[in-house]
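Next come the chains, spelled out residue by residue.
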Amino acid sequence: MVLEGNPEVGSPRTSDLGHPGNQGSCVLSSPGEDAQPGEEPIKYGELIVLGYNGCLASGDKGRRRSRLALSRRPHANGVKPDVMHHISTPLVSKALSNRGQHSISYTLSRSHSVIVEYTHDSDTDMFQIGRSTENMIDFVVTDTSPGGGAAEGPSAQSTISRYACRILCDRRPPYTARIYAAGFDASSNIFLGERAAKWRTPDGLMDGLTTNGVLVMHPAGGFSEDSAPGVWREISVCGNVYTLRDSRSAQQRGKLVENESNVLQDGSLIDLCGATLLWRTPAGLLRAPTLKQLEAQRQEANAARPQCPVGLSTLAFPSPARGRTAPDKQQPWVYVRCGHVHGYHGWGCRRERGPQERECPLCRLVGPYVPLWLGQEAGLCLDPGPPSHAFAPCGHVCSEKTARYWAQTPLPHGTHAFHAACPFCGAWLTGEHGCVRLIFQGPLD
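Definitions and cut-offs
- Residues numbered from 1 in each chain as written.
- Predicted model: local features only at pLDDT ≥ 70, side-chain atom pairs only at ≥ 80, totals over all residues.
- Heavy atoms only, no water.
- Disulfide = S-S within 2.5 Å.
- Buried < 20%, exposed > 50% of the residue type's maximum accessible area, 1.4 Å probe, protein only.
- Pairing = 2+ DSSP bridges.
- Helix = DSSP H or I, 4+ residues; strand = E, 2+ residues; numbered from the N terminus.
- Core = buried A, V, L, I, M, F, W, Y, C linked by side-chain atoms within 4.5 Å.
- Contact = heavy atoms within 4.5 Å.
- pLDDT = per-residue confidence, 0-100.
- Polar contact = N/O pair within 3.5 Å; in protein donor to acceptor, adjacent residues only side chain to side chain.
- Expected span 1.5 Å × (residues − 1).
- Arc of directions from axis to C-beta.
- Phe/Tyr/Trp six-rings, centres within 6.5 Å; stacked < 30°, edge-to-face > 60°.

### Description of the state of the cysteines
- A complete count under the given rule lists 0 disulfides for this structure.
- Lacking any disulfide linkage, Cys381 is separated from the closest cysteine sulfur, that of Cys398, by 6.3 Å.
- According to the relative accessible area criterion, Cys381 is buried, its value standing at 5%.

### Some details on the sheet that holds strand 19 (residues 269–271)
- Ordered in space as 3-2-20-19-16-17-18, the 7 strands form an open sheet in which the pairing is antiparallel. Here the strands that pair on one side only, and so sit at the sheet edges, are strand 3 (67–71) and strand 18 (241–242).
- One ladder, built from 4 bridges, connects strand 2 (residues 43–49) with strand 20 (residues 276–280); its direction is antiparallel. Paired with Ile48 across the bridge in strand 20 is Leu278.

### Looking at the nonpolar core
- Membership of the largest hydrophobic core comes to 30 residues, with the highest contact counts inside it found for Leu47, Ile129, Ile167, Ile179, Ile270, Leu272 and Leu277.
- Counting residues per element, the ones that place at least two in this core are strand 2, strand 3, strand 7 (124–130), strand 11 (165–170), strand 12 (177–181), strand 16 (214–217) and strand 20.
- Excluding residues that lie within four positions of it along the chain, Leu272 makes contacts with Ile129, Thr159, Ile160, Ala164, Cys165, Gly213, Val214, Arg248 and Leu277.
- Ranked by size, the runner-up nonpolar core spans 27 residues in total, among them Leu50, Cys381, Leu382 and Tyr405.

### As for the confidence of the model for the protein chain
- Per-residue confidence for the protein chain gives a mean pLDDT of 84, with 82% of residues at or over 70.
- This stretch, residues 151–155, has a pLDDT under 50; its non-local contacts, to residues over four places away or in other chains, come to 4 contacts.

### A word on the sheet that holds strand 7
- Judged by pairing direction, the sheet is mixed, and its 4 strands sit side by side in the order 8-7-11-12 without closing on themselves. The two strands at the open ends of the sheet, each matched to only one other strand, are strand 8 (139–140) and strand 12.
- Judged from the 5 bridges that link them, strand 11 and strand 12 form a sheet pairing that is antiparallel. Directly across from Leu168, in strand 12, lies its bridge partner Arg178.

### Quick word on the side chain of Asn189
- Tracing the backbone shows Asn189 in strand 13 (residues 189–192).
- Engagement of the side chain of Asn189 in a polar contact is seen with the side chain of Ser103, the distance being 3.0 Å.

### Examining helix 5 (residues 291–303)
- When the terminal C-alpha atoms of helix 5 are compared, their 18 Å separation across 13 residues agrees well with the 18 Å that a helix rising 1.5 Å per residue should span.
- Buried within helix 5 we find Leu294, Gln297, Arg298 and Asn302. For helix 5, the arc enclosing every buried residue in end-on projection is 135°, short of the 170-degree limit, so these residues lie on one face. Across helix 5 from its buried face, at more than 90 degrees, point the exposed residues Lys292, Glu300 and Ala303.

### Description of helix 6 (residues 400–407)
- Residues of helix 6 that are buried include every one of Thr402, Ala403, Tyr405, Trp406 and Ala407, and no others.
- Turning to helix 6, the residues buried within the fold contact strand 16, strand 19, strand 20, strand 26 (389–391), strand 27 (396–398) and strand 30 (435–437).

### Section: the packing of aromatic side chains
- Under the defined criterion, the tally for this structure stands at 13 aromatic pairs.
- Aromatic side chains Tyr44 and Phe127 sit 6.1 Å apart centroid to centroid with 70° between the ring planes, which places their arrangement in the edge-to-face category. Taken together, the residues span a long stretch of sequence, with Tyr44 in strand 2 and Phe127 in strand 7 at a distance of 83 residues.
- Exposure remark for Phe127: the relative accessible area of 1% places this residue in the buried category.
- A centroid spacing of 6.3 Å and a plane angle of 55° characterise the contact between Phe391 and Phe424, whose relative ring orientation is tilted. Here Phe424 lies in the loop between strand 29 (417–419) and strand 30 and Phe391 lies in strand 26, a separation of 33 residues in the sequence.
- Given a relative accessible area of 0%, Phe391 falls into the buried group.
- Members of the aromatic cluster, joined through ring pairs, are Trp333, Tyr335, Tyr344 and Tyr369.

The following block contains the structure:
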């Protein structure tokens, strides 16, 4: 065995490392070590899963939820690289059996592996994300299907890794959050097998990529009214930034992007090959609309008493408490090609073009005819503007700038495809613009 580094460095035990599984949930529940009794702990940011309008279909439960706040832990549990070992295969199992020692194992061949030991870092908190329900995973994420559903059941083949990624947050201002591909398993190990993309860096260290990769996109101009989509990159196990591979699981890595980092910004998107997460900073959330503001906008829209231009019935957006059930009699419906808002009616069907295809009685354009639903996940909104636009073809309603931003943001799908999708339900967007301006008719009296 050849050692690189200081072999005398001690191996911190699980209790010293403050393993995520021993810390409990990272929701805002336990105060940090500097917080006074009754005070909320310092919040690093929030992760929001795209495709769920404020709550999972089966309800938010424990670590499986649509939105999670990361806050400072009572005790630091971060880790950082320490010693690198070159070892032969018979020693691998022994080297990985110490659960108190975090490590990353790179299998180069049947007779050669490199293990990088990690040591306790008192300056950072670590949060892990993945499909596994084991205790070391802080945020359990499942595959999101277009339309807002989750792939469930034993037959559902997930493409999200059990230990997909980890986020390390500085415990001191400005509380910088950095993302890394792969998370530590129950043995405190990250294992990159022979087929995984891996390489030695120019400074003699090791790095690699996970099977399906962790992609990150930082928006240009922050996550605000002036935002524009950025460029998708891939994050390595050591947090370096690379251009995308030819396909999601190709063994050949992309090119190193030296002028970009793994630091998460307000509005950064994290794609885990099956689910996409949005990172919001505390400062960014202060600019986002609140649930009270969204409710006030709903009531204001209903107070204007919009009417169906044909049936002349008064329309009203349903209360969020009712959920997305069957539309009621006052539910507004829209022709998504033209934006004309009506009440529900049964005429105008074009069955030769599909059950949802209808002809608008006002402008004669033929297209999907769907009920309108307000977007209720405030963290997905760029501004507190009025609900004036709807995504096509799902009918989720939000402000103009929010609709236009998401309509021009390509989200990864499959091995190398990208599609714009509704952030509230995950449905792929259609039409020339992906959204439409709503045209309401006011009351005649």
